[in-house]
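Coordinate analysis (summary)
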Amino acid sequence: MLRKARSRTLPNWISRMLFNVRSRLHVRSRFSQYNSGCSEINSLTRRNFKCQQPLSTFLNCKQAFHLNLHQESRIIMSIVRRSLWSSANKIRRLLTVSAIATANVHKCFNGLEQFMLAPPEFRRDRLYDCYDNDDDYVQDIFVEKFTNTQPTVKREPSQVLSFPSERPHDTGVSSDIGSDTDSNSPIQDTATANAEWLTGTHDTAIDSQFGPIGSQFHQHISQHVGGPLPQHIADEPSYFYILTIYISYMILIAFGRIRDFFGKRLKADNYKNYKEQDGYAALNSDFDNFYFRRLKTRMNDCFSRPITGVPGRYITLLDRNSSDENQTFHLTGSETTTLNLSSYNYLGFAQSSGPCADDVHASISAYGISSASPRLDSGTSNLTVEVEREIAAFVGKEDAIVFSMGFSTNATSFPALMGPGCLIFSDELNHASIRVGARLSGAMIKSYKHNDVSDLERLLREAISQGQPRTHKPWRKIMVVCEGLFSMEGTIADLPGLCQLKKKYKFHLFVDEAHSIGALGPRGRGVCDYFNIDPSKVDILMGTFTKSFGANGGYVAANEEIIQKLRVTNAAMHYGESTAPPVLMQILSSLRQITSTAAGLVRLQRITFNSRYLRLGLKRMGFIVYGHDDSPVIPMMLYHPAKLPAFSREMLKRKISVVVVGYPATPLLTARVRFCVSAAHNKEDMDRVLSACDEIGDLLDLKFSTGIMGGIEVFSRDGDPHDLKATMHSGSTQKPAPPRWNLEAVLANGVSDAKGRLN
């Protein structure tokens, strides 16, 4: 009898298999139209079946099947009812929001323009006829004081600097600049300038916001020479030097941990915010908090230095000191004027006098300070519409939309463009605003190697062939996001390679031109202008007004359909404040100077020459410098945590303000100083920076370049640096020596060499 009973009862694994197979087949055949509900129920059934005891010990397979089928049917019908009700609510809310948004957009763009007409002084023709000809404007651009102090558009300069009417076409060094590039005079001029600034005898009121150009040869056009973009090869110090970096961080972390160990026990009140209290976990207990307390505090005096006045060519710092190891600071009441290489003032429009300042002063009397409303309520003025129209024409797009903050431009645009089921390919060194916006969108994010088109193609092929995870459905949308000019690396995006991939794999391309707009290209129109690529090949162009226009905020330029969608669905349009009218006028005035005056072209060519001249000089002296040659951002590597504040303090002693960058903005091992070059600087300023870097580089032992990134010197330090090209073309097998040019050779050959193709 026992054997017969056992034979009638199926084994547990067979009953599970039969139950799963029969239930799945039956449910799919009867409820195939509810695929989402079926998949959810099947997963619930399998999970419940595994958690319970085997049904075969209580019921036979037929009873178990009918029982679970009845339960599944009830659950499926409840899910279907909930889904239909939820879909109806979503459709109702979508129609309501669309109706409200459409009414607001119609109100903003049709109603307000009739009541907010521009006064006569802001009409386009008055902005362009304030000078009789372009030569007067070129001369007036360097004048700091005007006889007419009223905020009007018409100006009469009190002092005029004369320049040659025509620029020679040859690229060689002529006799006109022989004295400027003489091997003896640059050192004497630089030493004299440093002595004047160190002693405080320099007249800081003259040319403090925009320096006069020393020669017309100190200009260069920002344009790609053709061919593929040169691959950025990062130089590295020796392994011994890298080992000392690890040892330095180990010592700092070890001493910090020891101090925390004893401090939590001997001075518990000082650590109460870092320990659990009354069952609440501490919010400040991660490594970032430890880094800020024990490592960054040692160099807090190098960050967030308070300033006063205009951050132009020179910047005035408020002196301060600390009596508690940089925990708090106290102002001493004195000021220090320094050469400014720390501000994003690419084209030098951060001025308190001049055409832009006069236009902004006049706009305050006409429009006030603030719109006091979001864009979709009453925050869209005729200035806003004019700026959007001018920006769209400037970058070569159909339409544009402006925002009051650059970070929110990316953070709020991606959720409006992408969503679940979409795929975003992001460069691994993209800005934090791109990463935040991509995460908020809910799309899948994949990173590719920095500026590596081949790695991006490999990931594209894999993603397109595999589809979405688990379901393997095709992606709804695929977007590749990169920066036109990477602010921490100084590298330019390989836009030609990205456009070729876009044509092949049919993805959308988003380019962030926060640092490239106004700083790259013969006309200052960004990375598309730099590579001579039609802007229509890039779907979306984003940029900011902080760096090149002397204002704040950002923009997104694209086709008219995309911009109209952003105006309705972007969160910044509903909840963010609108751009202030004086800021809009600053954008409009600087933009028209770039596009319609000769002085604007002078600014574009001055920043290109300054960046190439300074970058080449640093390379030849032996420093490791990242980035491409035409980039106005020049990162020079420091590596050691102790050399980071030491370099900043030594530069401050020489009256030069710089930005040192470390963790978390960069990896722990790649600390650097970032020189931000401006069109307001001239060659004398760059010579002064090179002289200071040469002294500090020898003091802190920072010259460890191998020469693979350029500036190689052949034979010996006393040999002719120009023998390098002849040696390389002759096929010589002699190993070149690392670049260690002296300062005299760098300054004597810098002007002519910076205007050629850099190695």
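Check the entry above for the structure.
Residues numbered from 1 in each chain as written. Predicted model: local features only at pLDDT ≥ 70, side-chain atom pairs only at ≥ 80, totals over all residues. Heavy atoms only, no water.

Next up on the list: the sheet that holds strand E10 (residues 554-558). In space, the 7 strands of this open sheet follow the order E4-E10-E9-E8-E7-E5-E6, with mixed pairing throughout. Each having just a single partner strand, strand E4 (399-403) and strand E6 (444-448) make up the two edges of the open sheet. Between one strand axis and the next, the sheet turns through 20 degrees on average, direction left out of account. Sheet topology places strand E5 (residues 423-427) next to strand E7 (residues 478-483); 4 bridges connect them, and they run parallel. Bridge assignment links Ser 426 to a residue of E7, and that residue is Val 481. Contacts between helix H15 (residues 495-505) and the sheet are confined to E7 and strand E8 (508-512), with E8 contributing the most and set at about 160 degrees to the helix. (Pairing = 2+ DSSP bridges. Helix = DSSP H or I, 4+ residues; strand = E, 2+ residues; numbered from the N terminus. Axes fitted to C-alpha atoms, helices over the stretch in contact; angles between N-to-C directions. Contact = heavy atoms within 4.5 Å.)

Attention now moves to helix H22 (residues 683-700). The first and last C-alpha atoms of H22 sit 25 Å apart over 18 residues, in line with the 26 Å expected at 1.5 Å per residue. Burial analysis of H22 places 14 of its 18 residues in the buried class, the great majority of the element. Within two residues after H22, Asp 701 carries a phi angle of roughly 60 degrees, on the positive side. (Expected span 1.5 Å × (residues − 1). Buried < 20%, exposed > 50% of the residue type's maximum accessible area, 1.4 Å probe, protein only.)

Its place among the elements puts Glu 650 in helix H21 (residues 643-653). Judged by relative accessible area, which is 15%, Glu 650 ranks as buried. Along the sequence, Glu 650 and Ile 696 sit 46 residues apart, while their C-alpha atoms lie 7.0 Å from each other.

So, about a nonpolar patch on the surface. Nonpolar side chains collect at one region of the surface, where Leu 243, Ile 247, Ile 251 and Phe 255 lie side by side and expose about 380 Å² of accessible area between them. Along the chain, Phe 255 falls in helix H8 (residues 239-266). (Patch = residues over 30% accessible without salt bridge, like charges linked within 9 Å, V, L, I, M, F, W, Y side chains within 5 Å. Areas by Shrake-Rupley, 256 points an atom, 1.4 Å probe, with all protein chains shown as cover. Salt bridge = Lys/Arg side-chain N within 4 Å of Asp/Glu carboxyl O.)

Turning our eyes to something else, we now look at the packing of aromatic side chains. Evaluated as defined, the whole model comprises 14 aromatic pairs. For the pair Phe 261 and Phe 262, a centre-to-centre distance of 5.2 Å together with 85 degrees between the ring planes defines the contact as edge-to-face. Of the residues examined, Phe 261 reaches a relative accessible area of 43% and is grouped as partly exposed. Where Tyr 530 meets Phe 531, the ring centres are 5.0 Å apart and the plane angle is 85 degrees; that geometry is what we call edge-to-face. On the accessibility criterion, Tyr 530 (6% relative accessible area) is buried. Among the residues examined, Phe 531 registers a relative accessible area of 10% and is labelled buried. Clustering of aromatic rings is evident, with ring pairs tying together Tyr 241, Tyr 639 and Phe 704. If you follow Arg 293 out to its NZ or CZ, it ends over the ring of Tyr 274, 4.5 Å from the centre. Here Arg 603 stacks its cationic end above the ring of Phe 349, 4.3 Å away from the centre of that ring. (Phe/Tyr/Trp six-rings, centres within 6.5 Å; stacked < 30°, edge-to-face > 60°. Lys NZ or Arg CZ within 6 Å of the ring centre and 35° of its normal.)

Take the packing of helix H11 (residues 382-395) against helix H19 (residues 581-596) next. Two numbers describe how H11 lies on H19: the axes approach to 10 Å, and their chain directions differ by 30 degrees. When the interaxial angle is binned, H11 and H19 end up roughly parallel. Judged by the sense of rotation from one axis to the other, the crossing of H11 with H19 is left-handed. Every residue of H19 that contacts H11 at Leu 383, Thr 384, Glu 386, Val 387, Glu 390, Ile 391 and Phe 394 is listed here: Pro 581, Leu 584, Met 585, Ile 587, Leu 588, Leu 591, Arg 592, Ile 594 and Thr 595. Here the contact of H11 with H19 is composed, by residue class, of 11 nonpolar, 2 polar and 3 charged. (Parallel < 35°, antiparallel > 145°, perpendicular 65-115°, else oblique. Left-handed = near helix turned anticlockwise from the far one by under 90°. Nonpolar A, V, L, I, M, F, W, Y, C, P; charged D, E, K, R; others polar.)

This part is about the sheet that holds strand E14 (residues 672-676). The strands making up a sheet are joined through hydrogen bonds of the backbone, oriented either antiparallel or parallel. Taken in spatial order, the 3 strands make up an open sheet running E11-E14-E13, and their pairing is antiparallel. Both outer strands of the open sheet, strand E11 (633-637) and strand E13 (659-661), are each paired with one neighbouring strand and no more. Ignoring strand direction, the axes of neighbouring strands in this sheet form an average angle of 30 degrees. Examined bridge by bridge, E13 and E14 share 3 bridges and lie antiparallel to one another. Among the inter-strand pairings, Val 661 is bridged to a residue of E14, identified as Arg 672. Along the sheet, H21 makes contact with E11, E13 and E14, crossing E14 at roughly 35 degrees.

Attention shifts here to unusual backbone geometry. A cis amide bond links Tyr 663 with the next residue in sequence, Pro 664, at an omega value of 5 degrees. Along the chain, the position of Pro 664 falls in the loop between E13 and E14. Residue His 472 is not a glycine yet carries a positive backbone phi of 60 degrees.

Under the defined criterion, the tally for this structure stands at 24 salt bridges. In this structure, Arg 389 engages Glu 386 in a salt bridge whose closest nitrogen and oxygen atoms are separated by 2.2 Å. Placement of both Arg 389 and Glu 386 in helix H11 is noted, with a separation of 3 residues, approximately one turn of the helix. Taking relative accessible area as the criterion, Glu 386 reaches 15% and is therefore assigned buried. Among the charged side chains, a salt-bridge network with shared partners connects Arg 375, Glu 388, Asp 399 and Arg 567.

Here the focus is a positive patch on the surface. A cluster of basic residues, Arg 257, Lys 264, Arg 265 and Lys 275, forms a positive patch on the protein surface. For Lys 275, a relative accessible area of 31% translates into the label partly exposed. (Lys, Arg positive; Asp, Glu negative; His and termini not counted. Charge placed at Lys NZ, Arg CZ, Asp CG, Glu CD.)

As a further point, take helix H13 (residues 432-441). Along H13, the residues that are buried comprise Ser 433, Ile 434, Gly 437, Ala 438 and Ser 441. End-on view of H13: buried residues confined to an arc of 130 degrees, all on one side of the axis. Along H13, the residues that are exposed and aim more than 90 degrees away from the buried face are Arg 439 and Leu 440. Looking at the buried side of H13, the elements it contacts are helix H12 (406-417), E5, E6, E7 and E8. A positive backbone phi angle near 85 degrees is found at Gly 442, which sits one or two residues after H13. (Arc of directions from axis to C-beta.)

Looking at where Asn 430 falls in the secondary structure, it is placed in the loop between E5 and H13. Reaching out from Asn 430, the side chain makes a polar contact with the side chain of Ser 426 at a distance of 2.8 Å. A polar side-chain atom of Asn 430 sits 3.1 Å from the main-chain carbonyl oxygen of Val 481. Sequence-distant contacts of Asn 430, defined by excluding residues within four places in its chain, comprise Arg 435, Val 481, Cys 482, Glu 483 and Phe 486. (Polar contact = N/O pair within 3.5 Å; in protein donor to acceptor, adjacent residues only side chain to side chain.)

Note that all results are geometric; they support no functional claim without further evidence.
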